[in-house]
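Spelled out, the chains give:
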Amino acid sequence: MRLLSLRRMSFVDLASLRIKYKSEKEIFLESSIERKEPFGLFRKWLQEACDTPEIIEPNAMCLATATKEAVPSARFVLLKDVTEEGFTFFTNYESRKAAEVAENANVALAFYWLPLRRSVRIEGVAERISREASESYFHTRPRASQIGALASPQSQPIPNREFLDKKEKAIKEELGPDNVVPLPNWGGYLVRPRAIEFWQGQTNRLHDRIRFRKDLKDGESVDGTLLHQGEDGWVYERLAP
């Protein structure tokens, strides 16, 4: 009886969970975007996230992949570079995400910076970066992280935690304190975006959504009302929340 009572007390009313977002004085307007292309705006928002102490990992992003049968999966990874070409992350090339990218290169990324009430969604195509670039980054990581990457057969079933600990110990003994950690089957992916959406939450739930994209649909044209010409080959539009 007491256990049942505790369960009732700890139950959360999910339907009633709400937080306040931005006020009407903080609307995200197109006029606030200095250059009408997404990378400059992304860097600005990312910098503001980096400058917000409550955001512990501003470069954390959800990566969604799918099999060739379009069965999706998602997990969190870290953004490690952003250029006008796209967004770069690193992983084991034998992981589930890598296997799915090999079957279906279409991926999506999502950032959520709660204290800023902002999110960015990216849709694009992933491709491996060069081995040289992967190796260069790999050796900037802490040595323990390099050894961990070498020890872990990512996404593969293992018998227990002790399996990893023993493998890590064996690698440390083999390499000693000074030898270079060899690059495992591991490296980076560049996500070349075809659409980038910026979202800012409003307390009245009339959230702001501005999407940049590269491709026009059949019969679609830039009319200056619904679809606007941006810079560097981008067009942009406001979406209803």
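Computed from a predicted model, the values in this text were never measured in an experiment. (Residues numbered from 1 in each chain as written. Predicted model: local features only at pLDDT ≥ 70, side-chain atom pairs only at ≥ 80, totals over all residues. Heavy atoms only, no water.)

Draft legend 1. Looking closely at the UniProt feature "domain: Pyridoxine 5'-phosphate oxidase dimerisation C-terminal" (unreviewed entry) in the protein. What UniProt calls "domain: Pyridoxine 5'-phosphate oxidase dimerisation C-terminal" (unreviewed entry) maps, in this numbering, to residues 186-241. In residues 186-241, helix accounts for 0% and strand for 48%; the two terminal C-alpha atoms are 39 Å from one another. (UniProt positions renumbered as here; feature names shortened; annotations may be inferred. Helix = DSSP H or I, 4+ residues; strand = E, 2+ residues; numbered from the N terminus.)

Draft legend 2. Representation of the side chain of Arg118 in the model. As for its placement among the helices and strands, Arg118 is situated in strand 6 (residues 118-128). A residue is classified by how much of its surface remains accessible, and Arg118, at 11% relative accessible area, is buried. Engagement of the side chain of Arg118 in a polar contact is seen with the side chain of Gln200, the distance being 3.1 Å. The residues contacting Arg118, other than those within four sequence positions of it, are Trp45, Glu48, Phe111, Tyr112, Trp113, Trp199 and Gln200. (Buried < 20%, exposed > 50% of the residue type's maximum accessible area, 1.4 Å probe, protein only. Polar contact = N/O pair within 3.5 Å; in protein donor to acceptor, adjacent residues only side chain to side chain. Contact = heavy atoms within 4.5 Å.)

Draft legend 3. View of the layout of surface pockets. Approximately 250 Å³ is the volume attributed to the largest pocket. What lines the largest pocket is a set of 14 residues, among which Phe90, Thr91, Arg141, Gln154 and Trp186 lie closest to the centre. Looking at the lining of the largest pocket, the elements with two or more residues in it are strand 2 (72-78), strand 4 (86-92) and helix 5 (143-151). Take the lining of the largest pocket: its biggest share by element is three residues, from strand 4. (1 Å grid on protein atoms, 1.4 Å probe; cavity = no way out; pocket = protein on both sides within 12 Å on 5 of 7 lines; lining within 4 Å. Points joined across faces, edges and corners; volume = space filled by probe spheres on them.)

Draft legend 4. A look at the UniProt feature "domain: Pyridoxamine 5'-phosphate oxidase N-terminal" (unreviewed entry) in the protein. Per the UniProt record, the feature "domain: Pyridoxamine 5'-phosphate oxidase N-terminal" (unreviewed entry) sits at residues 55-166. For residues 55-166, the helix share is 28%, the strand share is 38%, and the end-to-end C-alpha distance is 35 Å.

Draft legend 5. Focus on the environment of Leu78. Structurally, the position occupied by Leu78 is in strand 2. Judged by relative accessible area, Leu78 falls into the partly exposed class, the value being 30%. Residues Leu78 and Pro58 lie 20 residues apart in sequence; the distance between their C-alpha atoms is 8.8 Å. Residue contacts for Leu78: discarding those within four places in its chain leaves Glu57, Asn59, Ala60, Met61, Thr88 and Phe89.

Draft legend 6. Examining helix 5 more closely. Those residues of helix 5 that sit buried are Gln146, Ile147, Ala149 and Ala151. On its buried face, helix 5 is in contact with strand 4, helix 4 (131-138), helix 6 (161-175) and strand 7 (186-200).

Draft legend 7. Representation of the nonpolar core. With 35 residues, the main nonpolar core has Phe42, Phe87, Trp113, Val120 and Phe198 as its most contacted residues. Among the elements of the structure, helix 2 (38-50), strand 1 (60-66), strand 4, helix 3 (96-103), strand 5 (106-113), strand 6, strand 7 and strand 8 (208-213) are those that each provide at least two residues to this core. For this core, the element with the most residues is helix 2, which contributes six residues. The residues contacting Phe42, other than those within four sequence positions of it, are Leu79, Val82, Phe87, Phe111, Trp113, Val120 and Phe198. (Core = buried A, V, L, I, M, F, W, Y, C linked by side-chain atoms within 4.5 Å.)

Draft legend 8. Just the environment of Val222, in detail. Considering the arrangement of structural elements, one finds Val222 in the loop between strand 8 and strand 9 (228-229). Given a relative accessible area of 33%, Val222 falls into the partly exposed group. Along the backbone, Val222 and Ala126 are 96 residues apart, and their C-alpha atoms lie at a distance of 28 Å. Excluding residues within four positions of it along the chain, Val222 makes contact with Leu227, His228, Gln229 and Val235.

Draft legend 9. Quick look at the pairing of strand 2. Here strand 2 shows a clear split, with Ser73, Arg75 and Val77 buried on one side and none of Pro72, Ala74, Phe76 and Leu78 buried on the other. Judged from the seven bridges that link them, strand 1 and strand 2 form a sheet pairing that is antiparallel. Its bridge partner lying in strand 2, Ala60 is registered against Leu78. What sits between the antiparallel neighbours strand 1 and strand 2 is a turn of five residues, in which Ala70 has the positive phi angle 70 degrees. (Pairing = 2+ DSSP bridges.)

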